[in-house]
Amino acid sequence: MGDILEVTGMIISAMPVGEFDRRVVIITKERGKISAFAKGARRPNSPLMGITRAFVFGRFEMYEGRTSYNIRQASITQYFEGIITDLEAVCYSCYFAEIADYYTRENVDGGEVINLIYASLQALQNKKIPNELVRYIYELRIIAVNGECPDFFTCRSCGTQEAIDTYSAMESGVYCSRCHGLAKDGVGLSKSAVYAIQYIITSPVRKLFTFTVSSEVLSELRMVLNRLCLRTFDKVMKSREMLP
């Protein structure tokens, strides 16, 4: 048995292996994304049965074998029970997890991604915030966290930060009211949509899911994020097909 390792993180996927084991992928603060085996976790009396499923957050104790990590025990602090009983929330959670898996790597600090997905799953349990809005906040912020977000603050043509009213996916940026005719694929943005986008990019994670928007602004965010994700992700997120 190797040295004991303790990590704080969230399981983003779990799958059966063999007759009784389970393989999980955990995003951790200390080691980034890691895969680990939970031996015997599918046995009815296993203490690992309920704590090695997707969307649980806590402290995991494991040891490193020759080729993989092996979970010994875990102390779970959040089970997100409000999600696992809501099919739509499960679909969104799977999508968020797939994007997190896409961006995270082993031995790269996963703290920001963990905080974001944790807050996003909490928001899915809050029925005051539309799940679709939670999705767009999550997409935009995780793209920003990974340094791939366009400049949504400065006109690409004249450099002003005033009167921004158009987004261009082709130019990966925004234009002001005087220059928006230069954006061949321009998507018009209201002041409220521009403010929402800038707020999502710059606000602390704890404040990301403290607002709602009108149906008109939600439609604008939909147009922007659909185009942005298409240009940013170089793989098809299969779980996206499950979204409403």
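Above: the structure in question.
Every chain's residues receive numbers from 1 upward, in the order its sequence appears when written. Predicted model: local features are reported for residues with pLDDT of at least 70 only, side-chain atom pairs are reported and counted for 80 or more only, and whole-chain, interface and lining totals are derived from all residues. Hydrogen atoms and water are omitted, and side-chain values are computed over all heavy atoms in the structure.

Caption draft 1: Quick look at the overall build of the chain. Secondary structure elements are defined from DSSP: runs of H or I of at least 4 residues count as helices, runs of E of at least 2 residues count as strands, and each element is numbered from the N terminus. Looking only at helices and strands, one finds six helices and nine strands in the chain. A simple rule labels every residue: compare its accessible area, found with a 1.4 Å probe on the protein chains alone, to the largest value its type can have, and call it buried under 20%, exposed over 50%, or partly exposed in between. Considering the chain as a whole, with its 244 residues, one finds that 50% of them fall into the buried category. Considering only residue pairs separated by 6 or more positions, the chain has 58% of its internal contacts joining residues 24 or more positions apart. This count recognises Lys and Arg as positive and Asp and Glu as negative, with His and chain-terminal groups excluded. By convention, the point assigned to a charge is CZ for Arg, NZ for Lys, CD for Glu and CG for Asp. Taking the average location of the 29 positive side-chain charges in the chain and that of its 27 negative ones, the two points are 2 Å from each other. In this description, contact between two residues means that some pair of their heavy atoms is separated by no more than 4.5 Å.

Caption draft 2: Geometry of the pairing of strand β5 (residues 69-78). Any two strands between which DSSP finds at least two bridges are classified as paired. Across two bridges, strand β3 (residues 32-38) lies against β5 in parallel orientation. If you follow A36 over to β5, its bridge partner there is Y69. Where strand β4 (residues 57-64) lies against β5, eight bridges are found, and the strand directions are antiparallel. Residue pairing for β5: G58 is matched across the bridge by I76. Between β4 and β5, which pair antiparallel in sequence order, lie four residues.

Caption draft 3: Region of the structure containing the nonpolar core. We call a set of buried Ala, Val, Leu, Ile, Met, Phe, Trp, Tyr and Cys residues a nonpolar core when their side-chain atoms join them within 4.5 Å. In terms of nonpolar packing, the biggest core is built from 65 residues, with F96, L121 and F233 touching the most fellow members. Looking at this core element by element, the count peaks at 10 residues for helix α2 (residues 87-103). Every residue in contact with F233, bar those within four places of it in the chain, is listed here: Y95, I99, Y102, Y103 and I143. L5, I11, I26 and A41 belong to the second largest nonpolar core, which has 17 residues in total.

Caption draft 4: Looking closely at the sheet that holds β5. Overall, mixed pairing links the five strands, which are arranged β1-β2-β3-β5-β4 in a closed barrel. For this sheet the average axis-to-axis angle between neighbouring strands, irrespective of direction, equals 50°. Examined bridge by bridge, strand β2 (residues 21-28) and β3 share seven bridges and lie antiparallel to one another. Each residue of the ladder has a partner; that of I26, found in β3, is I34. Note on method: axes are straight lines fitted to C-alpha atoms, helices fitted across the in-contact stretch only, with angles between N-to-C directions ranging 0 to 180 degrees.

Caption draft 5: Seen up close, the environment of D21. Within the secondary structure layout, D21 lies in strand β2. A residue is classified by how much of its surface remains accessible, and D21, at 25% relative accessible area, is partly exposed. Spatially, the C-alpha atoms of D21 and A38 are 5.8 Å apart, while their sequence positions differ by 17 residues. With residues up to four places along the chain from it excluded, the contact list for D21 reads M15, P16, A38, K39, G40, A41 and R42.

Caption draft 6: Representation of helix α5 (residues 191-202) in the model. The span one expects for a helix is its residue count, reduced by one, times 1.5 Å. For α5, built from 12 residues, the straight-helix expectation of 16 Å at 1.5 Å per residue is met to within 8% by its first-to-last C-alpha distance of 17 Å. The complete set of buried residues in α5 reads A193, V194, A196, I197, Q198, I200 and I201. Turning to α5, the residues buried within the fold contact α4 (131-145), β6 (151-155), β7 (164-168) and α6 (215-232).

Caption draft 7: Seen up close, the environment of C158. In this structure, C158 sits in the loop between β6 and β7. Its relative accessible area of 39% is what places C158 among the partly exposed residues. On a C-alpha basis, the gap between C158 and L189 in space is 18 Å, while along the polypeptide they are 31 residues apart. In this structure C158 touches C176, R178 and C179, once residues within four positions along its chain are discounted.

Caption draft 8: Examining the pattern of salt bridges more closely. Should a side-chain nitrogen of Lys or Arg be within 4 Å of a carboxyl oxygen of Asp or Glu, the pair is scored as a salt bridge. Evaluation of the coordinates by the stated rule reveals nine salt bridges. The salt bridge partner of E6 is R59, with a shortest N-O separation of 3.7 Å. With E6 in strand β1 (residues 4-17) and R59 in strand β4, this residue pair connects regions lying 53 residues apart in the sequence. Here R59 falls in the partly exposed class, since its relative accessible area comes to 32%. For K235, the salt bridge identified is with E98, shortest N-O distance 3.5 Å. Pair noted here: K235 is in the segment after α6 and E98 is in helix α2, with a separation of 137 residues, a long-range link. E98 sits in the buried class, given a relative accessible area of 15%. Salt bridges here are not isolated pairs; linked through shared partners, they connect E6, E30 and R59.

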